[in-house]
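Inside the fold
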Amino acid sequence: MVEALAAGEPVAMPTETVYGLAADALSPNACAKIFEAKNRPLSDPLIVHIPSIDWLPRLTSPTPAALQLAEKFWPGPLTMVLPRQPIVPDIVTAGQETVAIRMSAHPLFQEVATAFGKPLAAPSANRFGRISPTSAAHVLAELDGRIPFILDGGPCAHGIESTIVHVSDDGLRILREGPITREDLRAFAPLLDDSIAVSAPGGLKSHYAPRTPLVLEKNPAPRSQKTGLLAFSAPREGFAQTEILSATSDLREAAANLYGAMRRLDEAGLDLIVAEEIPESGIGAAIMERLRKAAAR
Ligand code: AMP
Ligand code: MG
């Protein structure tokens, strides 16, 4: 695994959020192979995962708030967007003057990152725009034949991508909702803007999407013989196939099950998937953000 990284190859491995496709973040050639394997547009910047906190000031100009956030939430599912240092390649930032940084809490990811000893660029290990992988089997379904290794660490604990927060002297702005919730961040510091900044690169309207059309409804009803249901906590009459995110209405469990359930429905040969709206508190906001993007065409 580490030899492949040192040779400039991208390898898939688990993080606590979703499986990542990791490569040497300081090598533009290695990062180019990530874009190639995923079919990702070069306009969509990569998140850099650091092996240790001393890399934060080497890659960015951390503000005092950034250091405090790192202290509180790292290692963990929080990505900070900060001014970059010149050693960060342009391909990583899509030419911007900021870079997105996080430190993974997954023991396998940490082990590989520590052995490699340098930062790893690691977006989700799926084809661009598709459902993010939360198991090694999902990565295989997405990238078989395109990458040399997949490290299998079992299912991901959170199951949805990290929270992304832009950190500046003025305050914090959430660019993508995730496992570290709006409430968690607000308790830490005032949030600048209560709406998601839609102008974030990669903040596309359609993303995380199954191939089967998906609609989001408060009270799902079947439309045909072959309508599938992505339910929050209980089944409903008349659907050809049903996936339940959490029988106990636990939002964390629902997040962890989201992408696997979407994938199973997508593979069931349905005409349509109807997803039930879920409560938008805590991590529910991040789940609804993913469902809206899966429904957008
Ligand atoms: P992922 O594909 O899950 O690794 O997500 C990467 C996302 O991080 C991108 O699509 C962007 O939305 C965001 N991102 C990465 N770098 C930056 C940056 N410098 N500024 C703003 N957003 C960024
Ligand atoms: Mg992704």
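This text follows the structure it describes.
What comes next is a walk through the structure. Position labels on residues start from 1 in each chain and follow its written sequence. The lettering of chains begins at A and the numbering of ligands begins at 1, in the order of writing. With the structure being a predicted model, the display of local features is reserved for residues of pLDDT at least 70 and the display and counting of side-chain atom pairs for 80 or more, all residues being used for whole-chain, interface and lining totals. In computing side-chain values, all of the structure's heavy atoms are included and hydrogens and water are not.

Topic: the overall build of the protein
For the protein, the count of helices and strands is 10 helices and 12 strands. Here the globule rule reads 2.2 Å times residues to the power 0.38, and the radius of gyration is calculated from C-alpha atoms. Compactness check: the protein gives a C-alpha radius of gyration of 19 Å against a globular reference of 19 Å for 297 residues, within 12% of the reference. Summarising its shape, the C-alpha atoms of the protein cover approximately 55 × 45 × 30 Å along the three principal directions. To sort residues, take the accessible area from a 1.4 Å probe on protein chains only and compare it with the maximum for the residue type: under 20% means buried, over 50% means exposed, and anything in between is partly exposed. Expressed as a percentage of the 297 residues in the protein, the buried residues total 55%. Expressed as a percentage of contacts within the protein between residues at least 6 apart in sequence, the contacts between residues at least 24 apart total 66%. Carbon and sulfur atoms make up 52% of the accessible area of the protein, which amounts to about 12,300 Å² in all. Positive: Lys, Arg. Negative: Asp, Glu. His and the chain ends are not part of the count. A single reference atom marks each charge: NZ on Lys, CZ on Arg, CG on Asp, CD on Glu. The centroid of the 28 positive side-chain charges in the protein is displaced by 4 Å from the centroid of its 34 negative side-chain charges. Numbering of helices and strands starts at the N terminus; helices are DSSP runs of H or I of at least 4 residues and strands are runs of E of at least 2. By definition, residues are in contact when any of their heavy atoms lie within 4.5 Å. In this description, accessible areas are obtained by the Shrake-Rupley approach with a 1.4 Å probe, and a residue is regarded as covered only by the protein chains that are shown.

Describing helix H7 (residues 136-143)
Of all the residues in H7, the buried ones are Ala-136, His-138, Val-139, Glu-142 and Leu-143. Projected down its long axis, H7 shows its buried positions confined to an angular sector of 155 degrees, all on one face. Away from its buried face, by an angle of more than 90 degrees, H7 presents the exposed residues Ala-137 and Ala-141. Summarising the contacts, the buried residues of H7 are in contact with strand S1 (11-13), strand S2 (20-24), helix H2 (28-38) and helix H9 (251-266). Phi for Gly-145, located one or two positions after H7, is positive at around 85 degrees. This arc corresponds to the set of directions leading from the helix axis out to the C-beta atoms.

Considering the sheet that holds strand S3 (residues 47-49)
Note: strands within a sheet are paired through backbone hydrogen bonds, in either parallel or antiparallel orientation. At least two bridges found by DSSP between two strands are what make those strands a pair. On the basis of which strands lie adjacent, the open sheet formed by eight strands has the order S1-S2-S6-S3-S5-S4-S7-S8 and mixed pairing. Since the sheet does not close on itself, it has two edges, and those belong to S1 and strand S8 (171-176), each with one partner. Two strands pair when backbone bridges link them, and S3 and strand S6 (residues 120-121) are joined in this way by two bridges, in the antiparallel orientation. Bridging across to S6, Val-48 finds its partner in Ala-121.

Thoughts on the side chain of Arg-84
Mapped onto the elements, Arg-84 comes out in the loop between strand S4 (78-83) and helix H5 (90-93). Pairs of N or O atoms within 3.5 Å make up the polar contacts considered here, provided that, within protein, one atom can donate a hydrogen while the other can accept it, and that residues adjacent in sequence are counted only when both atoms are side-chain atoms. A polar side-chain atom of Arg-84 sits 2.6 Å from a polar atom in the side chain of Asp-90.

A look at the pairing of S2
Within S2, five of the five residues are buried, leaving the element largely enclosed by the surrounding structure. In this structure, S1 lies alongside S2, joined through three bridges in antiparallel fashion. Bridge pairing links Ala-12 to Leu-21 in S2. Between the antiparallel neighbours S1 and S2 lie six residues.

Limitation: the analysis is restricted to geometry and does not speak to function.
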